[in-house]
Amino acid sequence: RHPSTTAMGKSKKRKDGSSNSTDKQQDASMTRDNNPLLTAQQNYLKSLPSTIKADFFSSKLTPEERAKVWEEQADLGESLVNSYSWATPD
């Protein structure tokens, strides 16, 4: 663990009140690299148009558009489970 982070990985402020942005970047990078399931899910969500994310639960999206997102997300999830099921305890 880096000396300027807590056990939970949060950046601590220095005596001068500043925090180290490099530590935050390293923490974020480490999380992405150590959790391929989370990375894949985040990448999928980033790939969606902002209007779909903002209006997902509103009537602005058609049921077909909403179903397409659910289906894509389910396909991604199934693929991830198949690839990483060895890491999940029974």
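Being a predicted model, the structure only gives us computed values, none of them experimental.

Colleague: Summarise the nonpolar core; cite the residues concerned and give the values.
Modeller: Counting residues in each nonpolar core, the largest one holds nine residues, listed as Ala40, Tyr44, Leu48, Ile52, Phe56, Leu61, Val69, Leu76 and Leu80. Secondary structure elements with two or more residues in this core: helix H2 (36-47) and helix H4 (63-84). A total of three residues in this core trace back to one element, the largest contributor, which is H4. Excluding its chain neighbours within four sequence positions, the residues that come into contact with isoleucine 52 are Leu61 and Val69.

Colleague: Describe in detail the packing of H2 against H4, supporting the description with residues and values.
Modeller: Between H2 and H4, whose axes approach to 10 Å, the crossing angle comes to 160°. As the angle between them shows, H2 and H4 are arranged roughly antiparallel. Here the hand of the crossing between H2 and H4 comes out right-handed. Contact with H2, carried on its side by Pro36, Leu37, Ala40, Gln41, Tyr44 and Leu45, involves Val69, Glu72, Gln73, Leu76, Leu80 and Tyr84 of H4 and no other residues of that element. Looking at side-chain class alone, the contact of H2 with H4 contains nine nonpolar, two polar and one charged residues.

Cut-offs and rules
Residues take numbers from 1 onward in each chain, read along the sequence in its written order. Owing to the predicted nature of the model, reporting of local features is limited to residues with pLDDT of at least 70; listing and counting of side-chain atom pairs is limited to 80 or more, with chain, interface and lining totals taken over all residues. Only hydrogens and water are set aside when side-chain values are computed; all heavy atoms of the structure are taken into account. Buried Ala, Val, Leu, Ile, Met, Phe, Trp, Tyr and Cys residues that are joined via side-chain atoms within 4.5 Å together make up what is termed a nonpolar core. Exposure classes here rest on a 1.4 Å probe applied to the protein chains alone. A residue is buried below 20% of its type maximum, exposed above 50%, and partly exposed in between. Secondary structure is summarised from DSSP: a helix means a run of H or I of at least four residues, a strand means a run of E of at least two, and numbering begins at the N terminus for each. The contact criterion used is simple: two residues touch if any of their non-hydrogen atoms lie within 4.5 Å. Whenever a helix is involved, its axis is fitted only over the stretch in contact; in every case the axis is a line through C-alpha atoms, and angles between N-to-C directions fall within 0 to 180 degrees. Our angle categories are set so that under 35 degrees counts as roughly parallel, over 145 as roughly antiparallel, 65 to 115 as roughly perpendicular, and the remainder as oblique. Left-handed is the label given to a crossing in which the near helix is rotated counterclockwise from the far helix by less than a right angle, and right-handed is the label when the rotation is clockwise. Residues are sorted three ways: Asp, Glu, Lys and Arg are charged, Ala, Val, Leu, Ile, Met, Phe, Trp, Tyr, Cys and Pro are nonpolar, and all the rest, Gly among them, are polar.

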